[in-house]
Amino acid sequence: EESRPQTKRDYIYASAARDCARRMTLEMIEGDKLPPWEPSQLANFRRGKDREREIKADLDSAGRFSSTPFEVIGSQERFEIKDRRGRIAIVGRVEGFLKFRGGPTVPYEIKSWSQNVTARISTFADLFHSPWTKAGAHQLLAYMYAKNCELGLFILDRHGLPVILPVVLTEWLEAMEGFLNRAEAALDAKDSGVLPDYIQDAAECRRCPFFGSICNPPTAHGEGATVFTDPEFEAKVARWLETKE
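Calculation notes
Residues numbered from 1 in each chain as written. Predicted model: local features only at pLDDT ≥ 70, side-chain atom pairs only at ≥ 80, totals over all residues. Heavy atoms only, no water. Helix = DSSP H or I, 4+ residues; strand = E, 2+ residues; numbered from the N terminus. Buried < 20%, exposed > 50% of the residue type's maximum accessible area, 1.4 Å probe, protein only. Contact = heavy atoms within 4.5 Å. Areas by Shrake-Rupley, 256 points an atom, 1.4 Å probe, with all protein chains shown as cover. Axes fitted to C-alpha atoms, helices over the stretch in contact; angles between N-to-C directions. Parallel < 35°, antiparallel > 145°, perpendicular 65-115°, else oblique. Left-handed = near helix turned anticlockwise from the far one by under 90°. Nonpolar A, V, L, I, M, F, W, Y, C, P; charged D, E, K, R; others polar. Patch = residues over 30% accessible without salt bridge, like charges linked within 9 Å, V, L, I, M, F, W, Y side chains within 5 Å. Salt bridge = Lys/Arg side-chain N within 4 Å of Asp/Glu carboxyl O. Phe/Tyr/Trp six-rings, centres within 6.5 Å; stacked < 30°, edge-to-face > 60°. Pairing = 2+ DSSP bridges.

> Residues and numbers for the overall build of the protein chain, please.
Of regular secondary structure, the protein chain possesses seven helices and eight strands. Each of the three principal axes of the protein chain carries a C-alpha extent, and together these read 80 × 55 × 45 Å. Of all 245 residues assigned to the protein chain, the portion counted as buried reaches 40%. For the protein chain, restricting intrachain contacts to residue pairs at least 6 apart in sequence, the fraction spanning at least 24 positions comes to 61%. Of the roughly 14,700 Å² of accessible surface on the protein chain, a fraction of 51% belongs to carbon and sulfur atoms.

See below:
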């Protein structure tokens, strides 16, 4: 009963950073054609929200006893990033902040993903090695970029203690600006009615919910078998088969 149909929108979600500007465009203009979330997905979302609340409570307790005391403030603050033409390009919410006594106020983002996905993550850079985690990394970067926060914390739920990954904005400006450029290209495509070019990444295409329906890139289906004639190679194969046993 919690499932709701997905809808069209006029901007990119900060949590929906994609390598493909075409997919980002389709998620805006054809978002209502995406299927509603499955019950199993909604259950995962609910579990993630429960764990985020638990970790936030643990942080609040830890802050009171820390050698450098801090308090947990704010919750789900909305932010916007505009492109060079003044259009709202990226919209999102930040989990909250750690306010250190006599020091900075640091934004943080909590993610509770499958242990199979997160088992080998030990640095913020590791999040960019998987298509399932890089969008979450961009979500925190987008807030830091919007508010010009030099330091952030990415908190990754794990069995036992969570993993806390420090993030320095200046080290990731190129990644963030790439996200903003793709968002701007998606907005241009929405306004003009001309979709961006296909991405040259078959694996990325096969992960896309529009693949095979609204979007049919020619290269994503594979190039098929290559036929060639080489008598010397054929002779080697024949000899290998003769001596195989």
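Still to come is the rest of the account.
> Can you tell me about unusual backbone geometry, naming the residues and giving the values?
Although it is not a glycine, Q76 adopts a positive phi angle of roughly 55 degrees. Tracing the backbone through its elements, the reader meets Q76 in the loop between β2 (70–73) and β3 (77–82). Despite not being glycine, N148 has its phi angle at roughly 55 degrees, a positive value. Tracing the sequence through the fold places N148 in the loop between α4 (134–147) and β7 (151–156). Residue N148 is classed as exposed on the basis of its relative accessible area, which comes to 65%.

> Summarise the packing of helix α1 (residues 21–29) against helix α5 (residues 173–192); cite the residues concerned and give the values.
Relative to each other, α1 and α5 sit at 55 degrees, their axes nearing to 8 Å. The angle between α1 and α5 places the two elements in the oblique class. In this structure, α1 meets α5 at a crossing whose hand is right-handed. Contacts from A21, M24, T25, M28 and I29 in α1 reach F179, R182, A183, A185, A186, L187, A189 and K190 in α5. The class makeup of the residues in the contact of α1 with α5 is 10 nonpolar, one polar and two charged.

> Can you lay out a nonpolar patch on the surface for me, pointing to particular residues and giving the numbers?
Taken together, the side chains of F228, F233, V237, W240 and L241 present a nonpolar region at the surface, about 540 Å² in accessible area. The exposure class of L241 is exposed, given its relative accessible area of 52%.

> Lay out the side chain of Q139 in plain terms, naming residues and giving numbers.
Relative to the helices and strands, Q139 resides in helix α4. According to the relative accessible area criterion, Q139 is buried, its value standing at 10%.

> Any chance you could break down the packing of aromatic side chains for me, citing the residues and the numbers?
What describes a pair of aromatic rings is the distance from one ring centre to the other and the angle between the planes of the rings. Across all of its chains, the model carries 10 aromatic pairs by this definition. With a centroid separation of 5.2 Å and an interplanar angle of 50 degrees, the aromatic rings of F70 and F100 are classed as tilted. Highlighted residues: F70 in strand β2 and F100 in strand β5 (residues 96–100), separated in sequence by 30 residues. On the accessibility criterion, F70 (14% relative accessible area) is buried. Their ring planes at 80 degrees and their centres at 5.3 Å tell us that F124 and W172 sit as a pair that is edge-to-face.

> An account of the pattern of salt bridges is needed here, citing residue identities and associated values.
Under the defined criterion, the tally for this structure stands at 21 salt bridges. Here R23 and E27 are joined by a salt bridge, their closest N and O atoms 3.1 Å apart. Of this pair, R23 and E27 both sit in helix α1, separated by four residues, roughly a single helical turn. For the pair R23 and E27, a shared accessibility class is recorded, and that class is buried. Between R239 and E242 there is a salt bridge; the shortest N-O distance is 3.1 Å.

> Residues and numbers for the sheet that holds β2, please.
The strands that make up a sheet are held in pairs by hydrogen bonds between backbone atoms, and each pair lies either parallel or antiparallel. The five strands lie next to each other as β2-β5-β6-β7-β8, forming an open sheet whose pairing is mixed. Sheet topology places β2 and β8 (163–168) at the edges, where each strand pairs with a single neighbour. Strand after strand, the sheet turns through a mean of 30 degrees between neighbouring axes, direction not considered. In terms of strand pairing, β7 meets β8 through six bridges, oriented antiparallel. What sits directly across from G152, in β8, is V167. Contacts between α4 and the sheet are confined to β5, β6 (105–111), β7 and β8, with β6 contributing the most and set at about 160 degrees to the helix.

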